[in-house]
Amino acid sequence: MTGDDVGMTETPAAAPAIDAARQRLLAALLDELVPPRAEAALPGAGALGLADAVARSAAENPGLASVLAETLVQLAALAQQHGGTSFPDLDPRARRVALDALAARAPGSLPALCFLTYAAYYRDPRVLEAIGHPPRPPYPLGYEVPPTDFGLLEPVRRRAPFYRSV
Amino acid sequence: MADDPVDVLIIGAGAAGAAFAWSLAETRMNILCLEQGDWMNPAEYPTAGLDCEARGQSDFAFSPNTRQRPADYPVNDAESPIAISNFNAVGGSTILYAGHFPRMKPSDFRVRSLDGVADDWPLDYATLEPYWAENDRMMGVAGLAGDPAYPPKEPTLPPVPLGKLGETVARGFNELGWHWWPSDSAIATRPYGDRAPCINLGPCVSGCAQGAKASTDLTYWPAAIRAGVRLETRCRVREITVRPDGLADGVVYYDADGVERRQRAEIVVLACNGVGTPRLLLNSRSPQFPDGLANRNGLVGRNLMFHPYGMVMGIFDEPLDGYQGPTGCGLMSHEFYETDRARGFVRGFSYELLRGFGPVTTALWGLASGRVPWGPDHHRGFGDVIDRMAGLIAICEDLPEEHNRVVLDPELRDGHGIPAPKIEYQLSDNSRRMLDYGVARAQEALTAAGARSTFVEAPLRLAGWHLMGTARMGTDPARSVVDEWGRSHDVRNLFVIDGSVFVTAGAVNPTCTIQGLALYIADRIKKNLGNLFE
C-alpha cells in the first residue's frame, strides 16, 4: 500500500470518501481511539459507522487528509510487521502494540485523528442520548433554565458603592 | 452603483457603523455604508444543526485565518501571543460576540490623573452616559439595577438566568466576600421589538439562530435603512483618496463582482475595528500622506491594546447543566477592577463567567489537555469532565504601548490583492503580572465554589476580540490621531468611530462603549454641521 493508494478519492457526495478496505481499516482504528462503552451498550466509534464521516471531515482540510492517508499506510505496515496480518484482524493486544509503535513513529498522527473522531462521535444522536444530552440541535427548542433566586446577591447588595470616583 | 457623490460614506457595518448610521439618518443627508461582508441568515447558524460545535472550528471559527470566508481578510498574527478574532458581515463581530455588555467606569477615563499611567481621555463617563443609555435601549440590554460597582444605571430587560452553574460560582464569590453581579448582556430575555426572547441555546459565539442576541444586523440596521441609509454589501474598500488640499474625497473599492469602483463623498467615516481601520489608513498613501492617511505623527496602528484573557476552568463533582444558557453572559465580578498597587500592578481586571462546554468541545478540550485520552481510559476521562466544568475569564486592562501595533504585512494579501495587516504585539510586564494575579484569584473563587481541580490558559490565544487604540483620540495632534470627537487632526472631513479611538482599554468588553462613542460622535457632527471642517 502506498501513500497514493490511500489518498482521498474524488467521488460523488453519496459515495464513500474512501474505499472499502480503508473504511474497514479506519473503522478498526476508530474502535481503538474511542472503544465500546459497555454500560451504555454503545459500540466503539468504528462500529458506530463513523469512518466515512471522519474521512469526509479529513477531506475538507488538506493537512488532515494527508495525515489520515499516511496514518492508514503506516498502520497497515505496522500490523503486518507486528502481527503478520491486517490491523482489523489483529487481537486487541497486538493492535495496541501497533498503535504504540505508530504513536512513537508519528506523534502527531493519532491526536489529529482523535480530533476528527471526537468531533464526529460526540455529535452522533446515539452517543448524545447515552451521555444524557438531548439528541437534537440546540435550535429551535432551546433549553429551559430555571429562574434565578437573586437573594444570593444579598451580601453584595449590602456593600457601599466601591467604584472609584473622579 | 453610480459614482454619484454622497454626503457621508461609512466604511464598515459592524457595531459602530450601524449605530452611527442610524443616529445620523435623521439629518436626511445622503448616507452610504460600504461593507465587505454580506447579510447573514440566522437560519444557517450552527446551533440549528448537530454539527454546531464543529462548525465553531471551521466556517464560524473566531479567527479569520481559520474561517477563510470570502468576506474575510487574512491577518498575520503568527508572532503575537494573542490572535485576532473578528467577523466580517453586516453586524460585524456582533454576529459572533458573546453579548457581554458592561460599561467602562469613571476611573477608566482618568488613568493618568489617578494612576500616573497612559493618558486621560478627552471626555468622561458623564459625557457618555446618555449615549450608553440610548444604545442600551436600541440594543436591548439585560441586567439588574443596583450594582455597587457602578454609578446608578437602569437595564432595559431582566437579567439572564444564572442556571445551576452560575449559582454555584456565585456562592464561591459569596464565600470569599467578593463582588459579583448579573452580567449586563445584549440579549433579549423577553420579546424586545422584533427580537424573540433568548431560549438558552448555548453558544452565542457562533451566532444566535433565535435572534435574541443584539447583533446590529437585527438592531440598528433595519431602523437605519428604514430611515434612508443605503447599505451596500460585499464591497471591500482598498483606499481612501484625497483632494489636492488634503481633504478626503472618497474611496476606491471592489464591488461584489470584483470590479474596481470609485465612490466620492463629502465626509468619510471609518468603522472597520482596531485592525481594519489602521490597515485602511496605512493602505491610503498619497503624495500628501506618504506614510498613510492621517498619519503625519506616525501613530496610526500604534498603541494596539487587547484585553489579555486569563481563562481558568474548574472541574466539579456534580453536573452543572453548563451547556444551557448564554456562553459568556451570566455573572461578572469587579472586585479587582480598580488599582491597588499592593497587588504588584497598576489598573485591574474584571471576571466574566464562562459556562461549560458541549460534548464535542469538552472532548476536544480534554484531548488537548490530556484529560480525555484515546483508548481504554477514554470514557472514564470524558465522564470525569462532561458537564462538570465552569470557568472564569479574567479580562485584564492592557495599557497603550507604541511598539504594540498594526502594520502592513510586506507579502500577505487578501483576495483582492490588498496588503493585509500584521500584528506586532508583546505582553507587557504589567499585563503579565495582572494575568497571574487574576488567574490565582479565579482559582480561589472556583475552589471556594466547589471545584476539585482547575485548568489554566493565560493568555488565551484565540481571544483577540477587543481591538483598541490604533487611532487614539486626544486633544494634542502630536499624541493622537483623532480629536475628542473622532475627527482626524490631519484630515478634517475624516472620522474614526470604532475601537481604534480608545485612549485606554478599561477592563470590560468594549462594544457598548464603542457604540456609545459612535452615537456621541454622530451627535457632535449633527450639532456642528455648519462648521464641520473648520
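If you're wondering where the values come from, they're calculated on a predicted model, not measured in any experiment.

Here's the deal with the overall build of chain B
Within chain B, the secondary structure is distributed over 12 helices and 15 strands. For a compact globule of 534 residues, the expected C-alpha radius of gyration is about 24 Å, and chain B comes in at 22 Å, within 12% of that figure. Contacts in chain B between residues at least 24 apart in sequence constitute 73% of all its contacts with a sequence separation of at least 6.

Digging into the pairing of strand E2 (residues 31-34) of chain B
Residue and element names in this part refer to chain B. Burial along E2 is two-sided: the residues Ile31 and Cys33 and Leu32 and Leu34 are all buried. For strand E1 (residues 6-11) and E2, the ladder comprises 4 bridges, and the chain directions are parallel. Across the sheet, the residue bridging to Leu9 is Leu32, located in E2. As for the winding sense of the linkage, the β-α-β connection from E1 through helix H1 (residues 15-24) to E2 is right-handed. Note that E2 and strand E4 (residues 230-232) share 3 bridges and pair parallel. Opposite Leu34, over in E4, you have Glu232 as the bridge partner.

Things to note about the nonpolar core
Counting residues in hydrophobic clusters, the biggest one holds 223 residues, and the most contacted among them are Leu9, Ile11, Phe20, Ala21, Val269 and Ala394 of chain B. Other than its neighbours up to four places away in sequence, Ile11 of chain B contacts Leu34, Val237, Val251, Val269, Leu270, Ala271, Cys272 and Leu280 of chain B.

Points about the interface of chain B and chain A
Each partner contributes residues to the interface: chain B has 48 residues there, and chain A has 39 residues. Considering each element in turn, the side of chain B that touches chain A owes the most residues, 5 residues, to helix H9 (residues 359-369) of chain B. In terms of residue class, the side of chain B that touches chain A is built from 27 nonpolar, 15 polar and 6 charged.

Regarding the environment of Ser350 of chain B
Residues and elements named next belong to chain B. Tracing the backbone shows Ser350 in strand E10 (residues 349-354). Separated by 121 residues in the primary sequence, Ser350 and Val229 have C-alpha atoms spaced 37 Å apart. Other than its neighbours up to four places away in sequence, Ser350 contacts Met332, Ser333, His334, Tyr337, Ile395, Ala507 and Val508.

Quick word on the confidence of the model for chain A
Residue-level pLDDT values for chain A average 90, and 92% of them are 70 or greater. The low-confidence segment residues 1-12 of chain A (pLDDT under 50) makes 18 contacts with residues lying over four places distant or belonging to another chain.

Some points on the environment of Thr94 of chain B
Residues and elements named next belong to chain B. Secondary-structure assignment places Thr94 in the loop between helix H3 (64-67) and helix H4 (111-115). Since 27 C-beta atoms lie within 10 Å of it, Thr94 is described here as buried. Along the backbone, Thr94 and Thr216 are 122 residues apart, and their C-alpha atoms lie at a distance of 6.6 Å. Not counting residues within four places of it along the chain, the set of residues in contact with Thr94 comprises Gly14, Ala15, Ser215, Thr216 and Thr511.

Looking at the sheet that holds strand E9 (residues 331-333) of chain B
Residues and elements named next belong to chain B. Here we have 6 strands laid out as an open sheet, ordered E3-E9-E10-E11-E8-E14, and antiparallel in their pairing. Each edge of the open sheet is held by one strand with a lone partner, namely strand E3 (181-182) and strand E14 (453-457). Bridging between E10 and strand E11 (residues 389-396) involves 6 bridges; their strand directions are antiparallel. If you follow Leu353 over to E11, its bridge partner there is Leu392. The strands touched by helix H6 (residues 163-176) are E9, E10 and E11; relative to E9, the strand with the most contacts, the crossing angle is about 20 degrees. In the packing of helix H11 (residues 429-448) onto the sheet, the strands contacted are strand E8 (309-315), E10, E11 and E14, and the crossing angle to E11 comes to about 150 degrees.

What to know about the packing of H1 of chain B against helix H12 (residues 511-527) of chain B
All names here are of chain B. In the contact formed by H1 and H12, the axes pass within 8 Å of each other and the chain directions differ by 30 degrees. As the angle between them shows, H1 and H12 are arranged roughly parallel. Of the two possible hands of crossing, H1 and H12 adopt the one that is right-handed. For the pair H1 and H12, the contacting residues are Ala15, Ala16, Ala19, Phe20, Ser23 and Leu24 in the first and Thr511, Ile514, Gln515, Ala518, Leu519, Ile521, Ala522, Asp523, Ile525 and Lys526 in the second. Among the residues making up the contact of H1 with H12, the classes are represented as 11 nonpolar, 3 polar and 2 charged.

Details of the pairing of E11 of chain B
Residues and elements named next belong to chain B. Burial analysis of E11 places 8 of its 8 residues in the buried class, the great majority of the element. Side-chain alternation along E11 places Met389, Gly391, Ile393 and Ile395 on one buried face and Ala390, Leu392, Ala394 and Cys396 on a second face that is also buried. Looking at chain direction, E8 and E11 are connected through 7 bridges and run antiparallel. What sits directly across from Met311, in E11, is Ile393.

Concerning unusual backbone geometry
Pro140 of chain A follows Tyr139 of chain A through a cis peptide bond whose omega is 15 degrees. Its place among the elements puts Pro140 of chain A in the loop between helix H6 (125-130) and helix H7 (154-157). Look at the link from Ala458 of chain B to Pro459 of chain B: it is a cis peptide, with omega at -5 degrees. Checked against the element boundaries, Pro459 of chain B lands in the loop between E14 and strand E15 (494-496). Its identity as a non-glycine residue notwithstanding, Ala41 of chain A has a phi of 55 degrees, on the positive side.

What counts as what
- Residues numbered from 1 in each chain as written.
- Chains lettered and ligands numbered in written order.
- Predicted model: local features only at pLDDT ≥ 70, side-chain atom pairs only at ≥ 80, totals over all residues.
- Helix = DSSP H or I, 4+ residues; strand = E, 2+ residues; numbered from the N terminus.
- Rg over C-alpha atoms; globule rule 2.2 N^0.38 Å.
- Contact = placed C-beta atoms within 7 Å.
- Buried ≥ 20, exposed ≤ 12 C-beta atoms within 10 Å, placed from the backbone.
- Pairing = 2+ DSSP bridges.
- Right-handed = clockwise from strand over helix to strand, strands pointing away.
- Core = buried A, V, L, I, M, F, W, Y, C linked by C-beta atoms within 7 Å.
- Nonpolar A, V, L, I, M, F, W, Y, C, P; charged D, E, K, R; others polar.
- pLDDT = per-residue confidence, 0-100.
- Axes fitted to C-alpha atoms, helices over the stretch in contact; angles between N-to-C directions.
- Parallel < 35°, antiparallel > 145°, perpendicular 65-115°, else oblique.
- Left-handed = near helix turned anticlockwise from the far one by under 90°.

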